[in-house]
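This is what each chain is made of:
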Amino acid sequence: MSALYLLIIASLLVALGFLGAFIWSVRKGHYDDDYTPSVRILLDDSEKP
């Protein structure tokens, strides 16, 4: 039974580590879209009469 408690605690620590890494990467801008602005000029958004 103590092994089960140890595994639960270990899994919670790993999950918190991944959550912290995700929050850190979002705050640092790793999920910002750098590709779309460079391609946006190629897209034709003007309406033709």
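These numbers come from a predicted model, not from an experiment.

Asks: Teacher, can you tell me more about the overall build of the chain here?
Replies: Looking only at helices and strands, one finds two helices and zero strands in the chain. Based on the C-alpha atoms only, the size of the chain along its principal axes is roughly 75 × 20 × 10 Å. Here the chain holds 49 residues, and the buried ones make up 2% of them. Here the chain displays about 5000 Å² of accessible surface, and carbon together with sulfur accounts for 68% of that area. Seen as two clouds, the 4 positive and the 6 negative side-chain charges of the chain have centres 9 Å apart.

Asks: Quick question: what am I supposed to make of the side chain of Ser25 here?
Replies: For Ser25, the position within the fold is in helix α1 (residues 2-27). Sequence-distant contacts of Ser25, defined by excluding residues within four places in its chain, comprise His30 and Tyr31.

Asks: Where do I start with the environment of Ser2 in this structure?
Replies: Note that Ser2 resides in helix α1. The exposure class assigned to Ser2 is exposed, which follows from its relative accessible area of 60%. Here the alpha-carbon distance between Ser2 and Trp24, two residues 22 residues apart in the chain, equals 33 Å.

Asks: Any chance you could explain the UniProt feature "transmembrane region" (unreviewed entry) in the chain here in plain terms?
Replies: The positions UniProt marks with the feature "transmembrane region" (unreviewed entry) are residues 6-26. The span residues 6-26 shows a helical share of 100% and a strand share of 0%, and its end C-alpha atoms are spaced 30 Å apart.

About the criteria used
- Residues numbered from 1 in each chain as written.
- Predicted model: local features only at pLDDT ≥ 70, side-chain atom pairs only at ≥ 80, totals over all residues.
- Heavy atoms only, no water.
- Helix = DSSP H or I, 4+ residues; strand = E, 2+ residues; numbered from the N terminus.
- Buried < 20%, exposed > 50% of the residue type's maximum accessible area, 1.4 Å probe, protein only.
- Areas by Shrake-Rupley, 256 points an atom, 1.4 Å probe, with all protein chains shown as cover.
- Lys, Arg positive; Asp, Glu negative; His and termini not counted.
- Charge placed at Lys NZ, Arg CZ, Asp CG, Glu CD.
- Contact = heavy atoms within 4.5 Å.
- UniProt positions renumbered as here; feature names shortened; annotations may be inferred.

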